[in-house]
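Structural features, examined
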Amino acid sequence: MSLQATLRALADPIRREILNLLKAGKLSAGEITEHFDVTAASISRHLSVLKEADLIRDQRVGKFIYYELNASVLEEIMLWITDLKGE
């Protein structure tokens, strides 16, 4: 996982909103899709990008896949930004 991939994933407003939704806990792809006016295929692609950037994790439960935040990657980014700012 590279910082470049992470920042690219965070650049999209839909992906940032997905991360905001996942702050409250695990959600299925269907539950995430309900919050947006885009296709399920589009949300699936956004979830793939977030997963490739290691910003989210997934877990299969029966026929559903649930997604959750990977806070450790976000913490690394925050530390990098804080260091960059010199604080």
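Given the structure is predicted, the values throughout are model-derived calculations rather than measurements. (Residues numbered from 1 in each chain as written. Predicted model: local features only at pLDDT ≥ 70, side-chain atom pairs only at ≥ 80, totals over all residues. Heavy atoms only, no water.)

1. Side note on the packing of aromatic side chains
Counted only if it meets this: Here the aromatic set is Phe, Tyr and Trp, taking the six-membered ring for Trp, and pairing holds for ring centres within 6.5 Å; pairs whose planes are under 30 degrees apart are stacked, those over 60 apart are edge-to-face, and all others are tilted. Only protein chains enter the accessibility calculation, which uses a 1.4 Å probe. A residue is then buried if its area is under 20% of the maximum for its type, exposed if over 50%, and partly exposed in between.
Under the definition given, this model contains 1 aromatic pair. Between F64 and Y66, the ring centres sit 6.4 Å apart and the planes meet at 50°, which makes this aromatic pair tilted. Taking the relative accessible area as the measure of exposure, Y66 reaches 25% and is therefore partly exposed.

2. Focus on the sheet that holds strand β1 (residues 27–28)
How we decide: By this definition, two strands are paired if DSSP reports at least two bridges between them. Each helix is a run of DSSP H or I of at least 4 residues and each strand a run of E of at least 2, with the numbering of both proceeding from the N terminus. Contacts: residue pairs with any heavy atoms within 4.5 Å of one another. For every element, the axis is a line fit to its C-alpha atoms; helices are fit only across the contacting stretch, and the angle between N-to-C directions ranges from 0 to 180 degrees.
Reading across from one edge, β1-β3-β2 is the order of the 3 strands in this open sheet, with antiparallel pairing throughout. The open sheet has two free edges, formed respectively by β1 and β2 (56–61), since each of these has just one partner strand. Here 6 bridges tie β2 to strand β3 (residues 64–69), and the two strands are oriented antiparallel to one another. Note that in β3 the partner of R60 across the bridge is I65. Across the sheet, helix α2 (residues 13–22) lies against β1, β2 and β3, angled at about 90° from β3, the strand it touches most.

3. With respect to α2
Rules: To obtain the arc, one takes the directions from the helix axis to the C-beta atoms. Under this definition, polar contacts are N or O atom pairs within 3.5 Å; protein pairs additionally need one hydrogen-donor-capable and one acceptor-capable atom, and for neighbouring residues in sequence, both atoms have to be side-chain atoms.
Listed as buried for α2 are R15, I18, L19, L21 and L22. Each buried residue of α2 sits inside an arc of 160° when the element is viewed along its axis, so together they form one side. Packing partners of the buried residues in α2 comprise α1 (3–10), β1, α3 (29–33), α4 (40–52), β2 and β3. Among the residues of α2, the N-terminal cap falls to D12, whose side-chain oxygen and the backbone nitrogen of I14 are separated by 2.8 Å.

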